[in-house]
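Architecture and fold: a report
Listed below are the residues making up each chain.
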Amino acid sequence: MIVTLTPNPSLDRTVTLPGALVRGGVNRLSTVTIEPGGKGVNVARVLVAAGETVTTVLPAAVHDPLLRALDAVAVPGLSTRAVTVSSPARINTAVTEPDGTTTKLNEPGAGLEDQEVDAVKAALLEAAATARPSKDAGARRWAVLSGSLPPGAPTDWYVDLVRVLRGAAPGLQVAVDTSDAPLAALAAALPDVAPDLIKPNGEELGQLVGLPAGRAMTLEEGARRGELEPVIDAAGVLVDRGVGAVLATLGPAGAVLATGDGSWHATAPDVPVVSTVGAGDSSVAGYVLADVRGEGPAGRLASAMAYGSAAASLPGTTLPAPGDLPARAAVITRLA
């Protein structure tokens, strides 16, 4: 079984424009969709669509519209463990243009009181401690901690959660996908507290290893020109500091995976980019899916790229199922 945590869930409202966004003008919409969201929720939905069993943990108020939205998309294999809190989930808005450009307007989220933070932590630990492989007795178990932190949660909450998960569920693999201050706190805790997987983009990867903001932003730009060595070196720094695997997503330049066994590059499959909402979450799901099914590093990277690219090719907040994967797989090259 796989457990996901979404500490700052949302209702995701995606609006599609018939043309380019006009700043300061009137923009008429083609479509509007509303889905249950948050990065951990997205990861869970992709995994369940691929046949896995997932428990997704999140805070939610009683009668929260988010819970009704989750009920509406409920499918066998997906279990929601909602921790009752006082405030309803935020509403995030994504504006998608015809060329795939996506502008996100994310609310900060409802604040959590100290006792609510503790309750979410307890629910996650209980779910992780009782998780069992769903199909193969030898399959690895995962906890995926995803997204921003809500107001009121400590900046180093992910550090604490990774630490306590190690004790509560020996053998559990832990992935963390976050950004900004929570990601910096995680980097500061290495090597004492190190996840089995992190998924930074190029800029976040640079920030993790202490590059100045300008140089951090150039990692992805360089990768687009075929300059992968700086990405490999940065990811290798994190692996040397204890991170099990670094999946660095690089937009049109594909992705680099670094582990203790080496580094690999994947090209981005040639798909029309319709909406990037959920693409990163789908990449994480693809990686975890391949891992629990016994794939090696190259297979995990290929699966991550396939699911991330499939998500980008789908409209709005639509998340990929196996039938949506690109016909041509990413080209995987071992780099080191």
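Residues numbered from 1 in each chain as written. Predicted model: local features only at pLDDT ≥ 70, side-chain atom pairs only at ≥ 80, totals over all residues. Heavy atoms only, no water.

1. Some details on a nonpolar patch on the surface
Together, Leu29, Val32 and Ile34 give the surface a local cluster of nonpolar side chains, amounting to about 260 Å² of exposed area. Positionally, Val32 belongs in strand β3 (residues 31-37). (Patch = residues over 30% accessible without salt bridge, like charges linked within 9 Å, V, L, I, M, F, W, Y side chains within 5 Å. Areas by Shrake-Rupley, 256 points an atom, 1.4 Å probe, with all protein chains shown as cover. Salt bridge = Lys/Arg side-chain N within 4 Å of Asp/Glu carboxyl O. Helix = DSSP H or I, 4+ residues; strand = E, 2+ residues; numbered from the N terminus.)

2. A look at the pairing of strand β5 (residues 78-85)
Sheet topology note: the strand β4 (residues 54-61)/β5 ladder contains 8 bridges and is parallel. Residue Thr56 lies in a different strand from β5, and its bridge partner there is Thr80. With helix α2 (residues 65-72) bridging β4 and the parallel β5, this β-α-β connection has right-handed handedness. (Pairing = 2+ DSSP bridges. Right-handed = clockwise from strand over helix to strand, strands pointing away.)

3. Section: the environment of Gly171
Position of Gly171 relative to the elements: it lies in the loop between α4 (157-168) and β9 (173-177). Looking at Gly171, the relative accessible area reads 55%, which means it is exposed. Put simply, Gly171 and Leu219 are 48 residues apart on the chain and 33 Å apart in space, counted from C-alpha to C-alpha. (Buried < 20%, exposed > 50% of the residue type's maximum accessible area, 1.4 Å probe, protein only.)

4. Considerations on the nonpolar core
In terms of nonpolar packing, the biggest core is built from 54 residues, with Leu145, Trp157, Leu165, Leu205, Val231, Leu238 and Val246 touching the most fellow members. In this structure, Leu47, Leu197, Leu257 and Ala285 belong to the second largest nonpolar core, which totals 31 residues. (Core = buried A, V, L, I, M, F, W, Y, C linked by side-chain atoms within 4.5 Å.)

5. Quick notes on the pairing of β4
The buried fraction of β4 is high, at 8 of 8 residues. Side chains Val54, Thr56, Leu58 and Ala60 of β4 all project onto a buried face; the interleaved residues Thr55, Val57, Pro59 and Ala61 project onto the opposite face, where all are buried too. Both strand β1 (residues 2-5) and β4 contribute to a ladder of 4 bridges, which runs parallel. Among the inter-strand pairings, Leu5 is bridged to a residue of β4, identified as Val57.

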